[in-house]
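# Secondary and tertiary structure notes
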Amino acid sequence: MTTSRLARAGRSRFFIGVGLLLLMVGFVAIFHSSQQQLEQLRQMGIRCEQQHEVISAQLQVEVEKSFRLAKSLEGERLSHQQNRVELQQRAREEKEIREKSTKESNSRLASMQQHFKLLQSQHDDLQESCAKSFAFSLQFQQ
C-alpha cells in the first residue's frame with residue numbers, strides 16, 4: 001500500500017508538475033503574445049503620431065496659404081475699388097470738360113452766326129447802296 005500510495009502520489013505530483021509546467025508555458029506564451037501586441041501598438045502609435053505631425057504641418061501650410069490668398073484678395077478688392085472710384089471721377093471730369101467745351105462751342109457758333117448775320121446785313125446794305133449809286137450815276141450820265 002505504501003508503494004501504491006507512493007506511486008499514486010508520484011503520478012499525481014508528476015501530473016501536477018506537468019500541469020504547472022503547462023500553466024507556466026501558457027502564461028509565458030500569453031505574456032509573450034501580449035508583449036508583441038503591445039510593441040505593435042507602440043509602433044502603430046508612433047506611426048499615427050508621425051502622420052498626425054505631417055498632417056498638422058500640411059494643415060498649417062494650407063491655413064497660411066489661405067490667409068495669404070485672403071489678404072491678397074482683400075488687397076485686390078481695395079485696389080479695384082480705388083481704380084473704380086478714380087475712373088468714375090475721371091469720367092465725371094471728362095464729361096464736365098466735354099459739356100463746357102460744347103457750351104463754349106455753341107456760344108462761339110451763336111456769336112459767329114450773329115456776326116455773320118450782321119455782316120450779311122451790312123453786305124446787303126452795301127449792295128443796295130451800291131445799286132442805288134450805280135442807278136443814280138446811270139441816271140445822271142444820261
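Treat the numbers as computed from the prediction; the structure is a model and nothing was measured.

### Observations concerning the overall build of the protein chain
A tally of helices and strands in the protein chain yields 1 helix and 0 strands. For the protein chain, whose C-alpha radius of gyration is 59 Å, the value lies well above the compact-globule estimate of 14 Å for 142 residues. Across its three principal axes, the protein chain shows a C-alpha extent of roughly 200 × 20 × 15 Å. Burial status across the protein chain gives 0% buried among its 142 residues. Per element, the accessible surface of the protein chain, about 13,600 Å² overall, is 61% carbon and sulfur. Treating the 20 positive side-chain charges of the protein chain as one cloud and the 16 negative ones as another, the clouds have centres 22 Å apart.

### What about the UniProt feature "transmembrane region" (unreviewed entry) in the protein chain?
Per the UniProt record, "transmembrane region" (unreviewed entry) is found at residues 12-32. Summarising residues 12-32: 100% helix, 0% strand, and an end-to-end C-alpha distance of 29 Å.

### Quick look at the pattern of salt bridges
Applying the stated criterion across every chain, the model contains 3 salt bridges. When the shortest N-O distance is used, the salt bridge between Glu128 and Lys132 registers 3.7 Å. A residue pair is termed a helical-turn pair when its members lie 3 or 4 positions apart in one helix, as Glu128 and Lys132 do in helix α1 (residues 2-141) at 4 residues. Judged by its relative accessible area of 46%, Glu128 falls in the partly exposed class.

Rules of the game
- Residues numbered from 1 in each chain as written.
- Predicted model: local features only at pLDDT ≥ 70, side-chain atom pairs only at ≥ 80, totals over all residues.
- Heavy atoms only, no water.
- Helix = DSSP H or I, 4+ residues; strand = E, 2+ residues; numbered from the N terminus.
- Rg over C-alpha atoms; globule rule 2.2 N^0.38 Å.
- Buried < 20%, exposed > 50% of the residue type's maximum accessible area, 1.4 Å probe, protein only.
- Areas by Shrake-Rupley, 256 points an atom, 1.4 Å probe, with all protein chains shown as cover.
- Lys, Arg positive; Asp, Glu negative; His and termini not counted.
- Charge placed at Lys NZ, Arg CZ, Asp CG, Glu CD.
- UniProt positions renumbered as here; feature names shortened; annotations may be inferred.
- Salt bridge = Lys/Arg side-chain N within 4 Å of Asp/Glu carboxyl O.

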